[in-house]
Structure formats: structure tokens, C-alpha cells
Amino acid sequence: MSLETTTTTAQPLLSVEAVSKHFNDGALSVKVLSEISFQVQPKQRLAIVGASGSGKSTLLQIMGGLDDVSSGRVLFEGDDFASLSEKKAAKLRNRSLGFVYQFHHLLPEFSAIENICMPLLMSGYSCRQAKVRAADILQRVALTKRGKHKPNELSGGERQRVAIARAMVMRPQVLLADEPTGNLDRKSAAQIAILMDELQQECGTAIVLVTHDVELAKTMDQVITLSDGKIIG
Ligand SMILES: Nc1ncnc2c1ncn2[C@@H]1O[C@H](COP(=O)(O)OP(=O)(O)OP(=O)(O)O)[C@@H](O)[C@H]1O
Ligand SMILES: [Mg+2]
């Protein structure tokens, strides 16, 4: 894929501009990200790799507007997250961003299909419409027969597939996925990677993937390596 063409013609989907982040714990201040800058183009597939504790999850949370920056800014299609009202930011997260969290984050008391329905219901779909659309994507992740099961009745790989279905059901512009293949065996991890690729192609979604899996990272358009909160490659 020619990134150059995309870079020159399209507005970036996400611009991370000189982002730094520190956490304050009493008198202690821990610097986790330091002057991070890069962009995500529409439909781009980007991997973020780095050792444990290097700041990958923190960066992804910030890119999704789920955490504040200490300095710098994150723009979504030119709009600074920090300048959006809470209502607008929530709408943007619901419509345009899909999240797969490092620890699956499904609602434990709801079934797979109900979990997938959540973003649809939040955006105003009727219950009936939401169920039709959720059933459709559940089929895409090959879990039709498990729709009524709660997360604790599913395997790790199945939960991750439900999490991906929930993240993709709104056909977001960007999917932010934190270790979606972590804790899975090679075969399940490969299935998840193929599934994300298929959905990405169908929906034209950009993917930002945090992973420890070097082989998986190599299949992406671009790889960013973090070390101690800095981009080193
Ligand atoms: N809320 C918080 N308060 C204080 N420190 C935090 C907080 N969240 C993260 N950290 C620290 O920030 C650093 C980066 O954490 P982060 O979770 O972003 O790393 P990571 O690269 O995702 O690691 P892993 O590969 O293990 O998931 C760690 O040292 C962590 O302890
Ligand atoms: Mg992490």
C-alpha cells in the first residue's frame, strides 16, 4: 500500500502531537510518555510494540480519548479531543472509535449478543434493529451458537472475538486494539488476526494494534516501537 499517497491527499484520522503523560501519586510523579508524535491515516494499519511498561496501553487510552494528556494534544479528524464537550466526545467514541481492551472488558452480567448490542443501543438503535445487526456480526466472528452465553461461559479466544465484534459493530473509522491476541495460543491468535483484517477490509477501518507479537506486527503497514515512553523506531 502506498502510504505516501494517503499522507499527501487525506487529512489524518488521528494526529498525536507531542504527547506527554505523567501520573501523579502523592509527591511522586511518574513520566510514562514523552513527546510522542505520529499520525494515523484513514484505513492505515499501525502496530505499536514495546516492552511491558513502555507506555503502550496508556498511549492507546489517550488516542481513544479515554485518558487526558499531561501536555501535547490528540486530534481526531482535526478536532482536539480536549476541546470537545463530554457529550461530543462520548458520541465520537461511540460512532467513530472501536476499542478492544487488553483485558476483554465485556460486561459480565450480559450475554455475548447483549454485549455487542450495547454500542448500537447507545447510539439510538431500537432493540430489534440492534439485535439484527449484532446477530449479523456474531455470525462474522463465527459465534452464532454462543450468542446467549455470558463472558465467563466463553473461552479466552471466544471472548476476544466477541470484544472485536462489539468494537466493530458500529463500523468505526478506527479500531484501537490492545493486545487482542495476548494470552491466546498461536492458532486462536492467527484466527483473530485474520478476522480483524477481514473486518478492516470490509469496513475500511484503520487499525491501531498494540501487540507483543512481532510476527503479527510485521504484517501491518507501519510499526512504532516504544521504549520508556519514547518512540525509538
Ligand atoms: N493510573 C496509573 N497510575 C500510575 N502509574 C500508571 C498508571 N497507569 C499506568 N501506569 C504506569 O505507566 C507505565 C506504562 O504502563 P502501560 O500500561 O501503558 O504499559 P504497557 O506498555 O501497556 O505494558 P504491558 O505490555 O505490560 O501491557 C507503567 O510503569 C505503569 O505502572
Ligand atoms: Mg498494556
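Provided above is the structure to which this section pertains.
(A) Seen up close, the overall build of the protein. For the protein, the helix and strand inventory stands at eight helices and 10 strands. The C-alpha extent of the protein, read off along each of the three principal axes, is 45 × 45 × 40 Å. When burial is assessed residue by residue, the protein has 48% of its 233 residues classed as buried. Restricting to contacts in the protein with at least 6 residues of sequence separation, those with at least 24 account for 71%. Per element, the accessible surface of the protein, about 11,800 Å² overall, is 51% carbon and sulfur. Of the charged side chains in the protein, 27 are positive and 25 negative; the average position of the first set lies 7 Å away from that of the second.

(B) Structural detail: the sheet that holds strand β8 (residues 206-210). As summarised here, the arrangement of the six strands in space is β6-β7-β8-β3-β9-β10, forming an open sheet in which the pairing is mixed. Looking at which strands have only one partner, the edges of the open sheet turn out to be β6 (97-100) and β10 (230-231). In this sheet, β8 lies alongside strand β7 (residues 174-178) in parallel orientation, the contact comprising five bridges. Within β8, the position partnered with Val174 by the bridge is Ala206.

(C) Region of interest: the pairing of strand β1 (residues 14-25). Sheet analysis places β1 next to strand β2 (residues 28-40), joined by nine bridges and oriented antiparallel. Within the sheet, the bridge partner assigned to Phe23 lies in β2 and is Val30. Here β1 folds back onto β2, and the loop between the two strands holds two residues, one of which, Gly26, carries a positive phi near 65 degrees. Both β1 and strand β4 (residues 71-76) contribute to a ladder of five bridges, which runs antiparallel.

(D) Inspection of the pairing of β7 at higher detail. A large share of β7 lies buried, amounting to five of its five residues. Burial of the side chains of β7 extends over both faces: Val174, Leu176 and Asp178 are buried on one face and Leu175 and Ala177 on the other. Relative to β7, β6 is paired through four bridges, and the arrangement is parallel. Residue Phe99 lies in a different strand from β7, and its bridge partner there is Leu176.

(E) Summary view of the pattern of salt bridges. If you walk through the whole model with that rule in mind, you get 10 salt bridges. One salt bridge connects Arg45 with Asp197, and the closest N-O pair in it is separated by 3.0 Å. Separated by 152 residues along the polypeptide, Arg45 in strand β3 (residues 45-50) and Asp197 in helix α7 (residues 186-203) bring together distant segments of the chain. Note on Asp197: relative accessible area 29%, which makes it partly exposed. When the shortest N-O distance is used, the salt bridge between Glu198 and Arg140 registers 3.5 Å. With Glu198 in helix α7 and Arg140 in helix α5 (residues 127-140), this pair connects stretches of sequence that are 58 residues apart. Among the charged side chains, a network of salt bridges with common partners joins Arg45, Asp197 and Asp221.

(F) Spatial organisation of the packing of aromatic side chains. What the rule picks out here adds up to one aromatic pair. Their ring planes at 15 degrees and their centres at 5.8 Å tell us that Phe99 and Tyr101 sit as a pair that is stacked. Accessibility expressed as a relative area gives 14% for Phe99, which makes it buried.

(G) Summary view of α7. The end-to-end C-alpha distance of α7, which contains 18 residues, comes to 26 Å, matching closely the 26 Å that a straight helix rising 1.5 Å per residue would cover. Among the residues of α7, Ser188, Ala189, Ile192, Ala193, Leu195, Met196, Leu199 and Gln200 are the ones counted as buried. Looking down the long axis of α7, one finds its buried residues gathered within 160 degrees of arc, a one-sided arrangement. Across from the buried face of α7, at angles greater than 90 degrees, the exposed residues are Arg186, Lys187 and Gln201. Here the buried face of α7 lies against β3, α5, α6 (156-168), β7, β8 and α8 (214-218). With its phi angle positive at about 65 degrees, Gly204 sits one or two positions after the end of α7.

Conventions we followed
Residues numbered from 1 in each chain as written. Chains lettered and ligands numbered in written order. Predicted model: local features only at pLDDT ≥ 70, side-chain atom pairs only at ≥ 80, totals over all residues. Heavy atoms only, no water. Helix = DSSP H or I, 4+ residues; strand = E, 2+ residues; numbered from the N terminus. Buried < 20%, exposed > 50% of the residue type's maximum accessible area, 1.4 Å probe, protein only. Contact = heavy atoms within 4.5 Å. Areas by Shrake-Rupley, 256 points an atom, 1.4 Å probe, with all protein chains shown as cover. Lys, Arg positive; Asp, Glu negative; His and termini not counted. Charge placed at Lys NZ, Arg CZ, Asp CG, Glu CD. Pairing = 2+ DSSP bridges. Salt bridge = Lys/Arg side-chain N within 4 Å of Asp/Glu carboxyl O. Phe/Tyr/Trp six-rings, centres within 6.5 Å; stacked < 30°, edge-to-face > 60°. Expected span 1.5 Å × (residues − 1). Arc of directions from axis to C-beta.

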